[in-house]
Amino acid sequence: MPLLFYFLAGKLFALIVGGYYFKCLTRPYRLVLYLIGIAAISESYGYYIMKNLHEHNIWLFNFYLVAEAWLMGMAAVQLLVVPWLKKVFLMLLVIGSIIWVLNVVRNSIYVFASLSMVYGLILLTVMYLAVLFTNSVFKNKNILVQPVFWLAISTILYCACDIPYMVLHNYLITNAPVLSAKLISINDVLDIVRYPLVAISFILLGRQKQRVLNAAG
Amino acid sequence: MFSNPIVLTVLVATLMMLLLIAVVIITMVLSNRRNVQQEVKMAQMHLDHEKGLRLLQDEVMAEVARELHDNIGQRLTFMKLQLQQQKAVNPASAVSLLPVSDMVVETIEEVRVLGRSLNSDVIEKNGLVYTLEKEVERMRTLNKFEVHWEHDKEPELIKDQKVIVFRIFQETLNNLLKYAEAKNVYISMGGGSNFKLVMKDDGKGFDVEQVMSSGKGAGLKNILKRAELGKLKCSIDSAPSAQGGKGTTFTLEKIV
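Residues numbered from 1 in each chain as written. Chains lettered and ligands numbered in written order. Predicted model: local features only at pLDDT ≥ 70, side-chain atom pairs only at ≥ 80, totals over all residues. Heavy atoms only, no water.

Visitor: So what about the overall build of chain B? Which residues, and what values?
Guide: From N to C terminus, chain B includes seven helices and five strands. Scanning chain B from its N terminus toward the C terminus, one meets helices and strands in the order α-α-α-α-β-α-β-β-α-α-β-β. When burial is assessed residue by residue, chain B has 37% of its 256 residues classed as buried. Element-wise, carbon and sulfur atoms account for 58% of the exposed surface of chain B, whose accessible area totals about 15700 Å². (Helix = DSSP H or I, 4+ residues; strand = E, 2+ residues; numbered from the N terminus. Buried < 20%, exposed > 50% of the residue type's maximum accessible area, 1.4 Å probe, protein only. Areas by Shrake-Rupley, 256 points an atom, 1.4 Å probe, with all protein chains shown as cover.)

This is the structure we're talking about:
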C-alpha cells in the first residue's frame, strides 16, 4: 500500500472528526481544520503530479509552507491569552513570510524553501509552547482533557522533531539523495502521528461544547 | 547508514528534541496533577467548612428553639394560668381580660410553631412530610395565597438532606410571601427513592440571572449553596411579568 494512504488516513480521520464537530469548534480549531483540508489536497495533488505527470511538485509544497505557517500561526495567536505575545508572534509571522519570499526569489519556486520551513517550524514550536504554558498549566483543570493540550502537543511534536532533518534537507537532496529518501521517513512518521492527535483535540472540544449545550437546553 | 555522521547527527538531534518534548510534557502533566489535587483538596476543605457552619447554625437554632419552649413558653403558660386565676377571682374583669388572654394563647401557639420550625430534630422525629405539612398549615393561616399541597410517601433522604430540604422549603416560602404576589402556590413532593420537590406559583416572577448577578439574590445563592451541600439539584425557572411572566417554578431533586 502506498505511503500516501497512511498520510491521508490520519488527515481524513481528523477531517471527518472535525467536520462532525464543526459547529462546536471555535475559530482557532476551524483554522486547523482548514489547514488539514489543504494538506490533504496538496498531498494528493503533489503525489499525482509526481507519479502521473512526472513533474516537480516542490512548488506546491512551497506554497503549502505559507498556508501552514499562517493558519497554524493565526490559530496559536487566537489561543494565546497574553496580548503582547500575540503582537510579537504576529510580527514574527510577517517576518517569516518575508523570509519565504526572499528564499523563493533567491532559489526559485522549484527549490524547496528549506530555510523558510525551518523558521516556520521553530516559530510554531515556540508559539505552541507559549499556548501550552499560558492556557493549560495555570487553569487547575485536568490537562489531559483539555483540547488545547492535544493540539499544542501534536504541533510541537511534529515541528520540533522535524527541525534537525529540515535543516539539512536541501543539502541532503543535492549531495546524498539516497540518505535523504531514508531520513525523510522521520517526517513521514511525525506526519502520521500528528493528525490523530489533532483529531483528539476536536473530539474533546466537540464533547465539551455539546455537554454545555445539553446542560443549557 | 548509521555510520554516516550526517544521519547520526539528524537522528540524535531528533531524539534529543523528542526527549525534550517528553520532559516538558511529563513536567506539565505532573505539575498539573499536583495543582488539580490541591484544587480538589481546597474545594473539599471549603465544603467541610460550609458544612460546619451549617451544623453550627442548626445547633444555634435548636438552642433558640429550646429556649423558646423552656423559657418563654413556660413564662407565657404561667401568664395564661395567672390570667385564668384572675378571671376566677374577679369575674368582673373577665371581659376586659379576654383580649389579653386570647393574645397570650395565640402567642403560646406561635412560639410553639416557631420553636418547632427552628428545631431540626423535629424533622428526624416526625419525618419530612409531616414537618413540611406543618409549614404549609402555618402558611395557610396567613391567608396570603392559596396553598395546594400534595405529597407521596416519606422520601429516602439522610438526616442532613432532610434538614437542608426543610430549610430551603422555608426560605422559598418566605421568598414567595415577600416578593411573589401570587394567588396560588402548588407544592408537590415525590417520595421514596424519587424525591422531587416542586413549588410553583402564579405570581409576578423575576429575572433569575439579573437577580443572581445584581447582588440582591443572597437568599437564592444561599438556597443553591445549601442544595449543593446536600448533594441536591436545584433549579429555578422564572420570568418577570414584563417578559410574559409565568410565575416561578422551583425544583429540588436528589442527584442520581
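Visitor: Can you lay out the pattern of salt bridges for me, pointing to particular residues and giving the numbers?
Guide: The full count for this structure, using the stated rule, is 11 salt bridges over all chains. Between Glu63(B) and Arg66(B) there is a salt bridge, with the nearest N and O atoms lying 3.1 Å from each other. Here Glu63(B) and its partner Arg66(B) are both found in helix α1 (residues 5–89), three residues apart, which amounts to about one turn of the helix. Within this structure, Lys11(A), Glu43(A) and Asp191(A) form a network of salt bridges that share partners. (Salt bridge = Lys/Arg side-chain N within 4 Å of Asp/Glu carboxyl O.)

Visitor: Can you break down the confidence of the model for chain B residue by residue, with the values?
Guide: The pLDDT averaged across chain B works out to 84; a share of 97% of its residues lies at or above 70. Across the whole predicted complex the pTM is 0.62, and at the interface the ipTM reaches 0.71. (pLDDT = per-residue confidence, 0-100.)

Visitor: An account of the interface of chain B and chain A is needed here, citing residue identities and associated values.
Guide: At the junction of the two partners, chain B supplies 20 residues and chain A supplies 26 residues. Summed over both partners, the interface of chain B with chain A buries about 2000 Å², with 83% contributed by carbon and sulfur atoms. Here chain B and chain A share zero salt bridges between them. Counting across the chain B and chain A interface gives one residue pair in polar contact (both at pLDDT 80 or more). A breakdown of the residues in the side of chain B that touches chain A according to their chemical character gives 14 nonpolar, five polar and one charged. (Contact = heavy atoms within 4.5 Å. Buried area = accessible area lost by both parts, 1.4 Å probe. Polar contact = N/O pair within 3.5 Å; in protein donor to acceptor, adjacent residues only side chain to side chain. Nonpolar A, V, L, I, M, F, W, Y, C, P; charged D, E, K, R; others polar.)

Visitor: Kindly report on the environment of Phe22(A), identifying the contributing residues and their values.
Guide: Residues and elements named next belong to chain A. Summarising the element assignment, Phe22 is placed in the loop between α1 (3–20) and α2 (27–51). Overall, the relative accessible area of 28% leaves Phe22 in the partly exposed class. Spatially, the C-alpha atom of Phe22 lies 7.9 Å from that of Gly206, the residues being 184 residues apart in sequence. Sequence-distant contacts of Phe22, defined by excluding residues within four places in its chain, comprise Arg30, Leu33 and Tyr34.

Visitor: So, the environment of Gly18(A): which residues are in play, and what are the values?
Guide: Residue and element names in this part refer to chain A. Tracing the backbone shows Gly18 in helix α1. Judged by relative accessible area, Gly18 falls into the buried class, the value being 0%. Those residues in contact with Gly18 that lie beyond four places of it in its chain are Leu25, Leu33 and Phe202.

Visitor: With reference to specific residues and values, describe the packing of aromatic side chains.
Guide: Residue and element names in this part refer to chain A. This structure, assessed with the given rule, holds six aromatic pairs over all chains. Taking the centre distance of 6.5 Å and the plane angle of 75° together, the rings of Trp59 and Phe63 count as edge-to-face. Note that Trp59 and Phe63 are positioned in helix α3 (residues 58–79) at a spacing of four residues, about one turn of the helix. Judged by relative accessible area, Trp59 falls into the partly exposed class, the value being 26%. What makes Phe63 partly exposed here is its relative accessible area of 44%. Both rings, one in Phe149 and one in Trp150, keep their centres 5.4 Å apart while their planes meet at 85°; by these two values the pair is edge-to-face. With a relative accessible area of 2%, Phe149 lands in the buried category. (Phe/Tyr/Trp six-rings, centres within 6.5 Å; stacked < 30°, edge-to-face > 60°.)

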